[in-house]
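Topology and contacts: notes
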Amino acid sequence: MRFLKYDAQKCTLCGECISKCPFNALSMEAHGIEMGENCKMCGVCVRTCKENALVFEQKAGSEDKSKWRDILIYGEQANGKIHPVVIELIGEAQKLAAKVNYRVKVVMVGAEHTKENAKELLEYGVDCVYVYEHPGFDGFKADCYADAVDDCIAAIKPSVVLIGATPLGRSMAPRLSTRFHTGLTADCTILDIKENTDLVQTRPAFGGNIMAQILITDARPQFATVRYKVMEPAKKVAKPTGKVEICDVSEAMVRSRIEIISKETIVHKKTIEEEEILIVVGRGVTKEADFAAARELAELLGGQLCYTRPLVENGMGDTAHQIGLSGRTVKPKLILTLGISGAIQFVAGMSGADCIVAVNSDPNALIFKTADYCVVEDVSEVLPKILSYVKASKGGRNNGISL
């Protein structure tokens, strides 16, 4: 897709745009300036040209929305396997697609075994999986992966592109939206779609104090990254009808400015999004002994200790273990909250848990409206008893607990 337009009548052939291009994508040909495959639509040449011979073609309100159809999902792979967020995106995309008669498609980029992973996605009812498989895609290189997804978007022209809000997704999504000169909403927690196919993208703003609804009304495609563990995963279908389409990969597509010097496999540690048991402490926990007890309880149950935003801001916890709109969204089987009032920003990040147990000395605490089991008592009184019970029942061994 090229939205960069060249006007030979205005061009003085000064060559400034060629020398300033950071990607060596412009060249002087017999007919004038030509854009090569390396063009990333960064806009440096447009800003450099004093004669306005180079301009971006897409302008607000000028795009024909009817030419852009369906929903495309980026099928991220992690350690050779499909990332679970992809299944969640498929489930949400199917709900949106049903409202406007769209199809759900997936694009996957990677080295060997990508095709096999693509076939697995057909079981979830997607219409087509586009596969860009090449040894040059071994190891994530943002420029190469973006080139491949760019190629797919340009070919099929989807109205909506959904990408997981993972470290990889957060690196690639802005590159793509910049190339297509359209909008991107990051870290969405709610999605909806209007009859005119405008995507309603909801995400927390101002530290989670408000929920902002964002629409891209004058451009296509509409890009959004979606948080992991906030959408319901798709269900497998009895008779898949989709297909896997192998796409051509050019040498230019796998040629990267990034050079991999060495590789080292990092031992995967469970994130709180993956845990089945979480112990969460809030401002009601003030004693060091209670913090220690909560940490020990989490270890005995085979889970992790988490924190609310105020504790993280006070330096008593880290953002990787912060739950809420400004932190992480979790869906464990069991979550035990200790001394947490239950502000809406926190509850939005954990209300999907299968079982919620809350301990708070205030009988009117908001957390009790969400909890399945409510304990109105001081944390310092209850926590030692819970810890003693778990130690007795588990013999002090860190081997988890059956739910």
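It should be emphasised that the depicted structure is a prediction, and the values quoted were computed from it without experimental measurement.

Taken in spatial order, the 7 strands of this open sheet run β11-β15-β10-β5-β8-β9-β16, and their pairing is parallel. Looking at the sheet topology across the chains shown, the edges are occupied by β11 (184-188) and β16 (243-246). Averaged over neighbouring strand pairs, the angle between their axes works out to 20° when direction is ignored. Relative to strand β15 (residues 222-226), strand β10 (residues 160-164) runs parallel, the two being bridged by 5 bridges. If you follow Val160 over to β15, its bridge partner there is Gln222. The strands touched by helix α4 (residues 114-122) within the sheet are β8 (104-110), β9 (128-133) and β16, with β9 carrying the most contacts at an inclination of about 170°. Against the sheet, helix α6 (residues 167-179) makes contact with β5 (71-74), β10, β11 and β15, and its axis sits at roughly 155° relative to β10, the strand it touches most.

So, on to the nonpolar core. Residues Ile73, Ile90, Leu121, Val129 and Leu162 are the most contacted members of the largest nonpolar core, which totals 35 residues. Breaking this core down by element, the ones donating at least two residues are β5, α3 (84-100), β8, α4, β9, β10, β12 (190-193) and β15. Sorting elements by how many residues they give to this core places α3 first, with 9 residues. When neighbours within four sequence positions are excluded, Leu121 is seen to be in contact with Ile82, Val86, Ile87, Ile90, Val106, Met108, Val126 and Val129. Val107, Val109, Cys144 and Ile153 belong to the second largest nonpolar core, which has 28 residues in total.

Moving on, we get to the confidence of the model for the protein chain. Across the protein chain, pLDDT averages 90, with 95% of residues at or above 70. pLDDT under 50 marks residues 398-403. Its contacts with residues more than four places away, or in other chains, come to 16 contacts.

Before going further, it helps to spend a moment on unusual backbone geometry. With an omega of 0°, the peptide bond running from Arg220 to Pro221 counts as cis. Relative to the helices and strands, Pro221 is located in the loop between β14 (210-214) and β15. Even without glycine at this site, Leu13 takes up a positive phi of about 60°. Structurally, the position occupied by Leu13 is in the loop between β1 (4-6) and α1 (16-20).

Basis of the calculations
Sequence order as written defines the numbering, with residues in each chain counted from 1. For a predicted model such as this one, the threshold for reporting local features is a pLDDT of at least 70, and the threshold for listing and counting side-chain atom pairs is 80 or more; totals across whole chains, interfaces and linings nevertheless cover every residue. Hydrogens and water molecules were not included; the side-chain quantities draw on all heavy atoms of the structure. By the convention used here, strands pair only if DSSP detects at least 2 bridges between them. Helix numbering and strand numbering both begin at the N terminus, where a helix is a DSSP run of H or I of at least 4 residues and a strand a DSSP run of E of at least 2. In this description, a line fitted to the C-alpha atoms serves as the axis of each element, helices being fitted only across the stretch in contact, and the angle between N-to-C directions of two axes falls anywhere from 0 to 180 degrees. In what follows, residue pairs with any heavy atoms lying within 4.5 Å of each other are defined as contacts. Only buried residues count toward a nonpolar core. Its members are Ala, Val, Leu, Ile, Met, Phe, Trp, Tyr and Cys residues joined through side-chain atoms within 4.5 Å. Summary of the burial criterion: residues with accessible area below 20% of their type's maximum are buried, those above 50% are exposed, and those between are partly exposed, where the area comes from a 1.4 Å probe applied to protein chains only. Per-residue confidence from the predictor is reported as pLDDT, which spans 0 to 100.

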